[in-house]
Amino acid sequence: RSSGGGGGGGGPPPPAAIAPGPLLAYSPLAMGILTGKYRKTPQDFRAHGGPPGARLNRFRGRYAEAEGRYAASEALVRAVEAYAGIAAEAGLEGGLTELALRFVASHPMMASVVIGATEMEQLRENLRYLGRGGLERDILDEIDTVHALFPNPAP
């Protein structure tokens, strides 16, 4: 086992010794959950499966990790509704999708975003939203408030 350069104790270096590097956002739309396509109202979020071509429907039964991670828990339903409210209040043309993508783009260390579009129009829209840059500080503060209420609703 390597000492990792941390004071000779054989463990990893202390956090302060690790230089931060660029980040890569993987699945910034949470398999489509943060597009709103799987919801109509909070009451039928679980029952409404979204469009037939949606990723979680297209691969139903063959993508156990995503199906388990993004199961519609009460925390997930409430978080998505809260984020949708922020997007609506901010007047974002792309709604929840735009909010999620621009949130990721707001991080100063973000080097790239992996977009999992299944159709060309989705890719065009997502690139248009990302092209608008990060979100304003007041919107980021609202997102932080929701996150504090529902930390990691889809582990």
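Residues numbered from 1 in each chain as written. Predicted model: local features only at pLDDT ≥ 70, side-chain atom pairs only at ≥ 80, totals over all residues. Heavy atoms only, no water.

### Side note on the overall build of the chain
- Along its length, the chain carries six helices and two strands.
- Order of helices (α) and strands (β) in the chain, N terminus to C terminus: β-α-α-α-α-β-α-α.
- Across the 155 residues of the chain, 32% fall into the buried class.
- Long-range pairs, those at least 24 residues apart, make up 64% of the contacts in the chain between residues at least 6 apart in sequence. (Helix = DSSP H or I, 4+ residues; strand = E, 2+ residues; numbered from the N terminus. Buried < 20%, exposed > 50% of the residue type's maximum accessible area, 1.4 Å probe, protein only. Contact = heavy atoms within 4.5 Å.)

### With respect to the packing of helix α3 (residues 74-90) against helix α4 (residues 95-105)
- Between α3 and α4, whose axes approach to 8 Å, the crossing angle comes to 95°. One element, α3, and the other, α4, form an angle in the roughly perpendicular class. Between α3 and α4, the residues in contact are Val-80, Tyr-83, Ala-84, Ile-86 and Ala-87 and Gly-95, Leu-96 and Leu-99, respectively.
- The residue makeup of the contact of α3 with α4, split by class, is seven nonpolar, one polar and no charged. (Axes fitted to C-alpha atoms, helices over the stretch in contact; angles between N-to-C directions. Parallel < 35°, antiparallel > 145°, perpendicular 65-115°, else oblique. Nonpolar A, V, L, I, M, F, W, Y, C, P; charged D, E, K, R; others polar.)

### Considering the environment of Ile-139
- Within the element layout of this structure, Ile-139 appears in helix α6 (residues 137-149).
- Apart from the residues within four sequence positions on either side, Ile-139 is in contact with Ile-86, Ala-90 and Leu-99.

### Quick word on the confidence of the model for the chain
- On average, residues of the chain score 78 in pLDDT, and 65% of them are at 70 or above.
- Here helix α2 (residues 64-69) is the element of the chain with the lowest mean pLDDT, 64, and α6 is the one with the highest, 96.
- The model gives residues 1-8 a pLDDT under 50, and that stretch makes ten contacts with residues more than four places away or in other chains. (pLDDT = per-residue confidence, 0-100.)

### Remarks on α6
- When the terminal C-alpha atoms of α6 are compared, their 19 Å separation across 13 residues agrees well with the 18 Å that a helix rising 1.5 Å per residue should span.
- Within α6, burial applies to Ile-139, Leu-140, Ile-143 and Val-146. Viewed along the axis of α6, the buried residues span an arc of 115°, placing them on a single side of the element. Exposed positions of α6 whose direction lies more than 90 degrees from the buried face are Arg-137, Ala-148 and Leu-149. (Expected span 1.5 Å × (residues − 1). Arc of directions from axis to C-beta.)

### Considerations on the pattern of salt bridges
- One pass over the structure, following the stated rule, counts seven salt bridges.
- Notably, a salt bridge pairs Glu-121 with Arg-124, separated by 3.5 Å at the nearest N-O pair. One end of the pair, Glu-121, and the other, Arg-124, are both in helix α5 (residues 120-130), three residues apart, so they sit about a helical turn from each other.
- Of the charged contacts in the structure, one is a salt bridge between Asp-144 and Arg-137, with a shortest N-O distance of 3.5 Å.
- For Asp-144, a relative accessible area of 42% puts it in the partly exposed group.
- Each of Glu-93, Glu-98, Arg-102, Arg-128 and Arg-132 takes part in salt bridges that share partners, so that together they form one network. (Salt bridge = Lys/Arg side-chain N within 4 Å of Asp/Glu carboxyl O.)

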